[in-house]
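Coordinate inspection notes
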Amino acid sequence: MSSAPQNIRSLSQESCLELTWTPERITSLDFRFLRESCPCAACVDEFTGKRILDIAGIPADIHPTAIGFSGNYALKIGWSDGHHTGLFTWDYLDELSTRWEQMNS
């Protein structure tokens, strides 16, 4: 189980969420990538696990309108397209961070 990031910042100018996992590992996740990766039941079929979100419909300028904690295990992000039901657990954010790092290296 992943620990919470040491620091979390929403960087509007860069269109990314910056997660400081350790002083040596800081990940900046693109807002659009995060929105496309939403794990909620409106975006992923609960029974098949198939992504049902039409990513082509996500605005290019998507950005968080609200970011808050859900207990000690996740972030809840409200988005400029009105979506607000996804919970991004620390484990899932760590997985997304690894995937983002691999895609952009």
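Residues numbered from 1 in each chain as written. Predicted model: local features only at pLDDT ≥ 70, side-chain atom pairs only at ≥ 80, totals over all residues. Heavy atoms only, no water.

Here we have three strands laid out as an open sheet, ordered β4-β5-β6, and antiparallel in their pairing. Every other strand in the sheet has two partners, leaving β4 (64-70) and β6 (87-89) as the edge strands with one partner each. Taking each pair of neighbouring strands and ignoring which way they run, the sheet shows an average axis angle of 25°. Two strands pair when backbone bridges link them, and β4 and strand β5 (residues 74-79) are joined in this way by six bridges, in the antiparallel orientation. The residue bridging Ser-70 from the neighbouring strand is Ala-74, located in β5. With respect to the sheet, helix α2 (residues 90-103) is in contact with β4, β5 and β6, its orientation differing from that of β6 by roughly 80°. (Pairing = 2+ DSSP bridges. Helix = DSSP H or I, 4+ residues; strand = E, 2+ residues; numbered from the N terminus. Axes fitted to C-alpha atoms, helices over the stretch in contact; angles between N-to-C directions. Contact = heavy atoms within 4.5 Å.)

With 14 residues, α2 should reach 20 Å at 1.5 Å per residue; the first-to-last C-alpha distance of 20 Å fits that figure. All of the buried residues along α2 are Trp-90, Tyr-92, Leu-93, Leu-96, Ser-97 and Trp-100. In an axial view of α2, the angular spread of the buried residues amounts to 155°, which keeps them on one side of the axis. (Expected span 1.5 Å × (residues − 1). Buried < 20%, exposed > 50% of the residue type's maximum accessible area, 1.4 Å probe, protein only. Arc of directions from axis to C-beta.)

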